[in-house]
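Summary of structural features
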Protein chains: 2
Amino acid sequence: MRSDARRNRDRLLAAAREEFAAQGRGASLNRIAQQAGVGPGTLYRHFPSAQALLVAIISEDVAALCARGEELLAHPSAGEALRAWLRALAVHASAMRGLVAVEALGGGAALAECHDAIRAAGSRLLRRAEEEAGERYQVDIDDLLVAVNAMAWAGEQAPQDHARLDRLLALLMRGLPSAG
Amino acid sequence: MRSDARRNRDRLLAAAREEFAAQGRGASLNRIAQQAGVGPGTLYRHFPSAQALLVAIISEDVAALCARGEELLAHPSAGEALRAWLRALAVHASAMRGLVAVEALGGGAALAECHDAIRAAGSRLLRRAEEEAGERYQVDIDDLLVAVNAMAWAGEQAPQDHARLDRLLALLMRGLPSAG
DNA sequence: GTAATATACGGAGACCCTCTCCGCATAGCA
DNA sequence: TGCTATGCGGAGAGGGTCTCCGTATATTAC
């Protein structure tokens, strides 16, 4: 990749993060291109669709989430570790308003890889929590992750209510093993 | 209101229901007007924004939900009644893809009335379930309703997975009193 | 039945958004 | 320094939201 292309790509990603965080669903790809100082054509060459742009951003975050999951495997309380990680996931999902919605949709192969990585991390934490609690927690890990995303989405619908996300997560986690 | 205006209003609402159900977020107000056989100007005179249109549709449904809540107060199991009603709420929220999202947003006075009515019905069912279970269920009714909406939203993100909504609701309801 | 009037209609069009196409510029290389 | 592959950018097509205003019509009074 040519150096100017690389530079533009990076600028576009940075501008997109800002725009998505600020505007949520109302984000405009035009504005992103403008903010990054490139033409719309350049944006669409790098990212053929708004979704591709989102996937690229998400991919950047997934590694961090997986690393956090790895760390949390060493946490003395497996139940708390699971909760902490799900909360981190929710915060990631909330980071840009409306981003979650697209994350939940199709999104292609790149996003599938992200999902697999997230699912793997979540599965390990869930299994450890189950072992700790000595009971099988009858839930599909995918459902649990979707539910966490849904809570993040709902939390973002009322951005002024900062505590809502925590309350919603608490509500969701009532049924988890070794609940506080 | 002039008779032709009334007729057009009704046609617009019917067309809007179809369009929202079929297209979800991709719904086009232009198409709704076209489908209803009126010009765009007519649509915007009756409903100044897409949100106003949604609110009008929602208002139509709320009465039915409240009536269902009333019925369920007579159900022998208060816990089951609560669950059944929350499920009905989720189905309503799912009825048109993406409608939930707007429902969660501001929406003005008309929507506030709807929320109040829903909250009142939900509160009564929740209180009865608590009494039956002999325990106080520490949850804000608003949070519970938002969470149900969030699950409906998540369910609609994967319309091909019909059972997902049920699984997500089950997940949410694990922490409810007298859970099965 | 007809005239007067308030009310509502509808479509042209302004403006913005997404996304494409292609002539032009330039980075990288010999 | 010149060549070429690669990338840039903006004009513009197509469609969406929403407005404005000349035209049409339901309604009322006579």
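Higher on the page you've got the structure.
Everything in this summary refers to the structure shown in the same document. Since the structure is predicted, the reported quantities are computational estimates derived from the model, not experimental observations.

What counts as what
- Residues numbered from 1 in each chain as written.
- Chains lettered and ligands numbered in written order.
- Predicted model: local features only at pLDDT ≥ 70, side-chain atom pairs only at ≥ 80, totals over all residues.
- Heavy atoms only, no water.
- Phe/Tyr/Trp six-rings, centres within 6.5 Å; stacked < 30°, edge-to-face > 60°.
- Helix = DSSP H or I, 4+ residues; strand = E, 2+ residues; numbered from the N terminus.
- Buried < 20%, exposed > 50% of the residue type's maximum accessible area, 1.4 Å probe, protein only.
- Near = heavy atom within 4 Å.
- Polar contact = N/O pair within 3.5 Å; in protein donor to acceptor, adjacent residues only side chain to side chain.
- Nonpolar A, V, L, I, M, F, W, Y, C, P; charged D, E, K, R; others polar.
- Axes fitted to C-alpha atoms, helices over the stretch in contact; angles between N-to-C directions.
- Parallel < 35°, antiparallel > 145°, perpendicular 65-115°, else oblique.
- Left-handed = near helix turned anticlockwise from the far one by under 90°.
- Contact = heavy atoms within 4.5 Å.

1. As for the packing of aromatic side chains
The full count for this structure, using the stated rule, is 1 aromatic pair over all chains. Pairing Trp153 of chain A with Trp153 of chain B gives two aromatic rings, centres 4.5 Å apart and planes at 5 degrees, and the pair type is stacked. A residue pair is termed interchain when its members come from two chains, as with Trp153 of chain A in helix H8 (residues 141-157) and Trp153 of chain B in helix H8 (residues 141-157). Given the relative accessible area of 5%, Trp153 of chain A is considered buried.

2. Focus: the protein's contact with DNA strand C
Taken together, the neighbourhood of DNA strand C is formed by 22 residues, with Asn30 and Tyr44 of chain A together with Arg2, Asn8 and Arg45 of chain B sitting nearest. By atom count, sugar and phosphate contribute 61% of the portion of DNA strand C lying within 4 Å of the protein. Contact between DNA strand C and Ser3 of chain A: a phosphate oxygen at 3.2 Å from a side-chain N or O atom of the residue. Where the surface near DNA strand C is concerned, the elements lending two or more residues are helix H1 (3-23), helix H2 (29-36) and helix H3 (40-46) of chain A together with helix H1 (3-23) and helix H3 (40-46) of chain B. Looking at which element gives the most residues to the surface near DNA strand C, the answer is H3 of chain B, with 5 residues. In terms of residue class, the surface near DNA strand C is made up of 7 nonpolar, 9 polar and 6 charged.

3. Let's talk about the packing of helix H5 (residues 78-94) of chain A against H8 of chain A
Residue and element names in this part refer to chain A. The geometry of H5 relative to H8 is characterised by a closest axis approach of 9 Å and an angle of 50 degrees between their N-to-C directions. Judged on the interaxial angle alone, H8 and H5 are oblique. Here H5 and H8 pass one another in a crossing that is right-handed. Counting all contacts with H5, which are made through Trp85, Leu86, Leu89, Ala90, Ala93 and Ser94, the residues of H8 involved are Leu144, Leu145, Val148, Asn149, Ala152 and Glu156.

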